[in-house]
Amino acid sequence: LNDISKFSYAGLCAVSLSLLYDMPHNTDYRHGFISSLVGHLHLPVGVSNTMQALSDGHGSQGSEIFVENLLSNGVVKENPLILVKDLVHWCVKSCNGKYDSRSRFLIRHVTWQLHIQLEDLEDVEETLVRMLRERTEKENSENDSVRTKRARNQKIKRFALIGLATAGGGALIGLTGGLAAPLVAAGAGAIIGGTSAAALGSVAGIAVITSLFGAAGAGLTGYKMKRRVGGIDQFLFKPLTISHQLSVTIAISGWLSGDNENNFIFPWRHLLQSREQYSLVWEGEHLMRLGNALEYILETIMSYAAAEALKYTALAGLIAAVAWPASIVSVAGVIDNPWSVCLQRSVQVGRQLAEVLLAREHGQRPVSLIGFSLGARVIYFCLEELAKRK
């Protein structure tokens, strides 16, 4: 990119930051993002002050002029996705394997400004993940070969030491003391001085993968409650889609229909929020009771309304059906107990979900939470707990 295009690139991000994150508590994030981006683009240091002012909302121009300048560049006009690729790669690289949710939302906004489909952004993220995993697997295999060679050498040396000890009696102590240190040092040098040193110095290495996807590697599906929390009997994650992406979606149901825990999956079968999606399985027994109670009440009301509609005109029948008789209202007692229990459990589950997110079980990646009914209540108390914990 020429200097005008680089300036417009930074300007588009600065104006977008002002639009998305104008609250005072985001000032440090905005300024840090801009300073790092200006350095990444090798723009003069003075440009940083201008861009920070734009990110603070100073300046009357919108993003249109910056988008126009960018798309007038031949390289960008031919393939505007190069800017999105650069932003994604730079965000992961500059934060040492942390993909900030604010940065990802900013990238989504810039993608939209450049008239690029969200699916294209997800393709870029998926390609980066695949590249990192391939690099990590290669580094692991190289390290394995070094370790195998080292173990073989140590085995040979051990046999030699045993032979010397047999011949020289007490020489074993001297030989072990004298030879062990250089042997260990040589073995360590073969690893640290070789591929591991390169891996540690490389951005696309094991450290980045570990940071992005969590140290355990199993992610959310491997999460197990270490102990029973409060009154929670069930809390785990089931995958909705099989993929490893730079962003995660967690879907949370508010009740279940029927006596099958697969119903945690069923309502979300058409969800396309991201390519790595999970369903939170929580308190299935109580949610089934709640769902059955709701269905019972609905069936009772509908049968009564249908009977009333046959007696009158359609309009009059529906109006009459709204004025429920005492016998129908009393049926509402069916729902009281499961509703009360699920209300209480949703608070505890929300706080437990916050603990999972704070522990970075999913790695250093953005998370979208989606829920209905009591699932939305779980999200509310999760966010409340996160806010309390700053």
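How each quantity is defined
- Residues numbered from 1 in each chain as written.
- Predicted model: local features only at pLDDT ≥ 70, side-chain atom pairs only at ≥ 80, totals over all residues.
- Heavy atoms only, no water.
- Helix = DSSP H or I, 4+ residues; strand = E, 2+ residues; numbered from the N terminus.
- Buried < 20%, exposed > 50% of the residue type's maximum accessible area, 1.4 Å probe, protein only.
- Contact = heavy atoms within 4.5 Å.
- Areas by Shrake-Rupley, 256 points an atom, 1.4 Å probe, with all protein chains shown as cover.
- Arc of directions from axis to C-beta.
- Pairing = 2+ DSSP bridges.
- Axes fitted to C-alpha atoms, helices over the stretch in contact; angles between N-to-C directions.
- Salt bridge = Lys/Arg side-chain N within 4 Å of Asp/Glu carboxyl O.
- Parallel < 35°, antiparallel > 145°, perpendicular 65-115°, else oblique.
- Nonpolar A, V, L, I, M, F, W, Y, C, P; charged D, E, K, R; others polar.
- Phe/Tyr/Trp six-rings, centres within 6.5 Å; stacked < 30°, edge-to-face > 60°.
- Lys NZ or Arg CZ within 6 Å of the ring centre and 35° of its normal.

Undergrad: In this structure, what is going on with the overall build of the protein? I would like to understand it.
TA: Counting its regular elements, the protein contains 16 helices and 4 strands. Within the protein, the proportion of its 390 residues that are buried is 39%. Contacts in the protein between residues far apart in sequence, at least 24 positions, make up 79% of those at least 6 positions apart. Counting every atom, the protein has about 20,900 Å² of accessible surface; 60% of that belongs to carbon and sulfur.

Undergrad: Please explain helix 3 (residues 46-55) as it appears in this structure.
TA: Each α-helix winds once per 3.6 residues, and so residues spaced three or four apart point in a common direction. The complete set of buried residues in helix 3 reads Val47, Ser48, Met51, Gln52, Leu54 and Ser55. Looking down the long axis of helix 3, one finds its buried residues gathered within 155° of arc, a one-sided arrangement. Those residues of helix 3 that are buried are in contact with helix 1 (3-20), helix 2 (27-40) and helix 4 (64-72). One or two positions beyond helix 3, positive phi appears at Gly57, with a value near 95°.

Undergrad: What am I meant to see in unusual backbone geometry here?
TA: Peptide bonds are mostly trans, and most non-glycine residues show a negative phi. With phi around 50°, Ser373 is a residue other than glycine that occupies positive phi space. Its location among the elements puts Ser373 in the loop between strand 4 (367-371) and helix 16 (374-388). For Ser373, a relative accessible area of 33% puts it in the partly exposed group. Backbone geometry at Lys390 places phi at a positive 65°, although glycine is not the residue there. Among the structural elements, Lys390 can be located in the segment after helix 16.

Undergrad: Would you mind going over the sheet that holds strand 1 (residues 235-239) with me for this structure?
TA: In any sheet, the strands associate via hydrogen bonds between backbone groups, in a parallel or an antiparallel arrangement. One open sheet holds the 4 strands; their spatial order is 1-3-2-4, and the pairing between them is mixed. Of all the strands in the sheet, just strand 1 and strand 4 have a single pairing partner and so form its edges. Averaged over all adjacent pairs, the angle separating strand axes in this sheet is 30°, with direction ignored. Contacts between helix 16 and the sheet are confined to strand 2 (248-252), strand 3 (277-282) and strand 4, with strand 4 contributing the most and set at about 140° to the helix.

Undergrad: How should the pattern of salt bridges be read in this particular structure?
TA: It is possible for side chains of opposite charge to pair when their charged atoms get near one another. Counted by the stated rule, this structure contains 12 salt bridges. For the salt bridge of Arg289 with Glu285, the shortest nitrogen-to-oxygen distance reads 2.7 Å. Placement of the pair is Arg289 and Glu285 together in helix 12 (residues 284-311), with a separation of 4 residues, close to one helical turn. Within the structure, one salt-bridge network assembled from shared partners comprises Glu122, Asp123, Glu126 and Arg275.

Undergrad: Before we go on, may I ask you to explain the packing of helix 1 against helix 2 in this structure?
TA: For any two helices packed against each other, the geometry is given by the interaxial angle and the distance between the axes. Between helix 1 and helix 2, the least distance of the axes is 11 Å, while the angle of their chain directions is 175°. The orientation of helix 1 relative to helix 2 falls into the category roughly antiparallel. Between helix 1 and helix 2, the residues in contact are Tyr9, Ala10, Cys13, Ala14 and Leu17 and Tyr29, Arg30, Phe33, Ile34 and Leu37, respectively. For the contact of helix 1 with helix 2, the class distribution of residues is 9 nonpolar, no polar and 1 charged.

Undergrad: Before we go on, may I ask you to explain the packing of aromatic side chains in this structure?
TA: The geometry of an aromatic ring pair is captured by the separation of the ring centres together with the interplanar angle, meaning the angle of the planes. This model, assessed by the stated rule, comprises 7 aromatic pairs. Seen in terms of ring centroids, Tyr21 and Tyr29 are 5.8 Å apart; in terms of plane orientation they differ by 90°. Their pairing is edge-to-face. There is no split in this pair, since Tyr21 and Tyr29 are both buried. Using a relative accessible area of 12% as the deciding quantity, one classes Tyr29 as buried. Three or more aromatic residues joined by ring pairs form one cluster here, namely Tyr21, Tyr29, Phe33 and Trp90. Of note, Arg102 hangs over the ring of Tyr29, and the distance from its end group to the ring centre comes to 4.0 Å. Stacked on the ring of Phe266, the Lys or Arg Arg269 has its end atom at 3.7 Å from the ring centre.

Keep in mind that these numbers describe shape and distance, not what the molecule does.
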